[in-house]
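Listed below are the residues making up each chain.
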Amino acid sequence: MGQIVIVAYKPKPGKEEALKQLMKTHLPRLKQEGLVTDRESIIMEAADGTIIEVFEWLNAEAIASAHSNKAVQQMWGEYAEVCDYVPLNTLKEAGDLFAGFMPVN
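Our subject in this report is the structure included herewith. (Residues numbered from 1 in each chain as written. Predicted model: local features only at pLDDT ≥ 70, side-chain atom pairs only at ≥ 80, totals over all residues. Heavy atoms only, no water.)

1. A look at the sheet that holds strand β4 (residues 83-86)
Here's step 1: With antiparallel pairing, five strands are arranged side by side in an open sheet as β4-β1-β3-β2-β5. The sheet is open, and its two edges are formed by β4 and β5 (102-103), each paired on a single side.
Here's step 2: Pairing of strand β1 (residues 3-11) with strand β3 (residues 51-57) involves seven bridges; the strand directions are antiparallel. Residue pairing for β3: V7 is matched across the bridge by E53.
Here's step 3: Packing of helix α1 (residues 16-32) onto the sheet brings it into contact with β1, β2 (42-45), β3 and β4, and relative to β3 it is tilted by some 5 degrees. (Pairing = 2+ DSSP bridges. Helix = DSSP H or I, 4+ residues; strand = E, 2+ residues; numbered from the N terminus. Contact = heavy atoms within 4.5 Å. Axes fitted to C-alpha atoms, helices over the stretch in contact; angles between N-to-C directions.)

2. Some words on α1
Because each turn of an α-helix spans 3.6 residues, side chains separated by three or four positions end up pointing in the same direction.
Here's step 1: Helix length check: α1, at 17 residues, gives a terminal C-alpha distance of 25 Å against a target of 24 Å (1.5 Å per residue), a fit within 8%.
Here's step 2: At T25, α1 is bent by approximately 30 degrees, the largest bend along its length, and proline P28 sits one to four residues beyond.
Here's step 3: Listed in full, the buried residues belonging to α1 are L19, L22, M23, H26, L27 and L30.
Here's step 4: Those residues of α1 hidden inside the fold are in contact with β1, β2, β3, α3 (70-82) and β4.
Here's step 5: Once α1 finishes, G34 follows within two positions and takes phi at roughly 75 degrees, a positive value. (Expected span 1.5 Å × (residues − 1). Bend = angle between axes of the 7 residues up to and from the residue. Buried < 20%, exposed > 50% of the residue type's maximum accessible area, 1.4 Å probe, protein only.)

3. A closer look at the pairing of β1
Here's step 1: Summarising the sheet, β1 and β4 pair through four bridges and their orientation is antiparallel. Looking across to β4, one finds that P11 is bridged to C83.

4. Some details on the nonpolar core
Here's step 1: Ranked by size, the top nonpolar core spans 21 residues in total, and within it Y9, L19, L30, F55, W57 and Y79 carry the most contacts.
Here's step 2: Listing elements by their share of this core, those giving two or more residues are β1, α1, β3, α2 (60-66) and α3.
Here's step 3: Counting residues per element, this core draws most heavily on α1, which supplies five residues.
Here's step 4: Those residues within four positions of Y9 in sequence are excluded, and the remaining contacts are L19, M23, H26, T50, I51, E53, F55, Y79, C83, D84 and Y85.
Here's step 5: Counting six residues, the second-largest nonpolar core is a separate cluster that includes A8, M44, A46 and V54. (Core = buried A, V, L, I, M, F, W, Y, C linked by side-chain atoms within 4.5 Å.)

5. Describing the environment of D84
Here's step 1: Inspection of the secondary structure assignment puts D84 in strand β4.
Here's step 2: The partly exposed category is assigned to D84, whose relative accessible area is 42%.
Here's step 3: Here D84 is in contact with A8, Y9, K10 and K12, once residues within four sequence places are set aside.

In structure tokens, the structure reads:
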């Protein structure tokens, strides 16, 4: 059974566009490795520029195997250059009853 996750990526200063470009490759790269379902991801932006992504891992084993997958490790290194992962509850919108974000195309 798949597992849907929500991840928040806070861009490092001056790396906002680089992060948005990298986000375009995230799901296709995970699909290439057989780690996610065919469900399309949803990518959105918080008022402070943090990018939020909702996507579905194939299963718990896929999540675990990502940590030893060389292609995924390389991709995570690229993410580390342009952003930091932050908890959702650090976003202002997370305190709203209906948390609203702007879509990222």
